[in-house]
Amino acid sequence: MVTINPYQTYQQNSVMTASPQELTLMLYNGCLKFMKLAKRAMADKKIEEKNTNIIKAQNIIQELRSTLKADIEMSAGLEQMYEYMYSRLVEANMKNDVSALEEVEELMTDIRNTWKQAMALVKK
């Protein structure tokens, strides 16, 4: 007998019914979540858990990069920012550098907050 987890069902439905803007916001939030988990794992000296969560954050940044549209002027700046953040996460992972992780977390928080503001303006 298969047990259905209602939370997983809710998550799947949220993703399947989300607008592209909401999906981008979910990616930003997911990236921040994985960086927080990695930071906690660093503090607890859980190297494998740190590595797993930083790689998840890197994968999200790669996904965000793949969604950029070359014909939009702002995309070039975001491309550079995502590339920088990705390389800083690699450094944070290799050197157990919590300050590099926090730097990326701060940048991602700023981008996410700006995205949320833009979404709110569009809805008005």
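All values reported here derive from a predicted model rather than from experimental measurement.

### Here's the deal with the packing of aromatic side chains
Applying the stated criterion across every chain, the model contains 1 aromatic pair. Look at tyrosine 28 and tryptophan 115: their rings are 6.3 Å apart centre to centre, the planes differ by 70 degrees, and that puts the pair in the edge-to-face class. With a gap of 87 residues between them, tyrosine 28 in helix α2 (residues 20-43) and tryptophan 115 in helix α5 (residues 98-123) connect regions that are remote in the sequence. In this structure tryptophan 115 comes out as partly exposed when scored by relative accessible area, which is 27%.

### Notes on the packing of helix α4 (residues 74-95) against α5
The N-to-C vectors of α4 and α5 enclose an angle of 150 degrees; their axes lie 8 Å apart at closest approach. When the interaxial angle is binned, α4 and α5 end up roughly antiparallel. Two packed elements cross with a definite hand, and for α4 against α5 that hand is left-handed. Counted together, Met81, Tyr82, Tyr84, Met85, Arg88, Leu89 and Ala92 of α4 and Ala100, Leu101, Glu103, Val104, Leu107, Met108 and Ile111 of α5 form the full contact between these two elements. A breakdown of the residues in the contact of α4 with α5 according to their chemical character gives 12 nonpolar, no polar and 2 charged.

### Notes on the nonpolar core
Soluble globular proteins tend to bury their nonpolar side chains together. Counting 22 residues, the largest nonpolar core has Met35, Tyr82, Leu89, Leu101 and Met108 as the members making the most contacts within it. Residue assignment for this core shows that the elements contributing at least two residues are α2, α3 (47-66), α4 and α5. Take this core: its biggest share by element is 7 residues, from α2. The residues touching leucine 101, leaving out its near neighbours within four places in the chain, are Met35, Ala38, Lys39, Met42, Ile54, Leu89 and Ala92.

The rules behind the values
Residues numbered from 1 in each chain as written. Predicted model: local features only at pLDDT ≥ 70, side-chain atom pairs only at ≥ 80, totals over all residues. Heavy atoms only, no water. Phe/Tyr/Trp six-rings, centres within 6.5 Å; stacked < 30°, edge-to-face > 60°. Helix = DSSP H or I, 4+ residues; strand = E, 2+ residues; numbered from the N terminus. Buried < 20%, exposed > 50% of the residue type's maximum accessible area, 1.4 Å probe, protein only. Axes fitted to C-alpha atoms, helices over the stretch in contact; angles between N-to-C directions. Parallel < 35°, antiparallel > 145°, perpendicular 65-115°, else oblique. Left-handed = near helix turned anticlockwise from the far one by under 90°. Contact = heavy atoms within 4.5 Å. Nonpolar A, V, L, I, M, F, W, Y, C, P; charged D, E, K, R; others polar. Core = buried A, V, L, I, M, F, W, Y, C linked by side-chain atoms within 4.5 Å.

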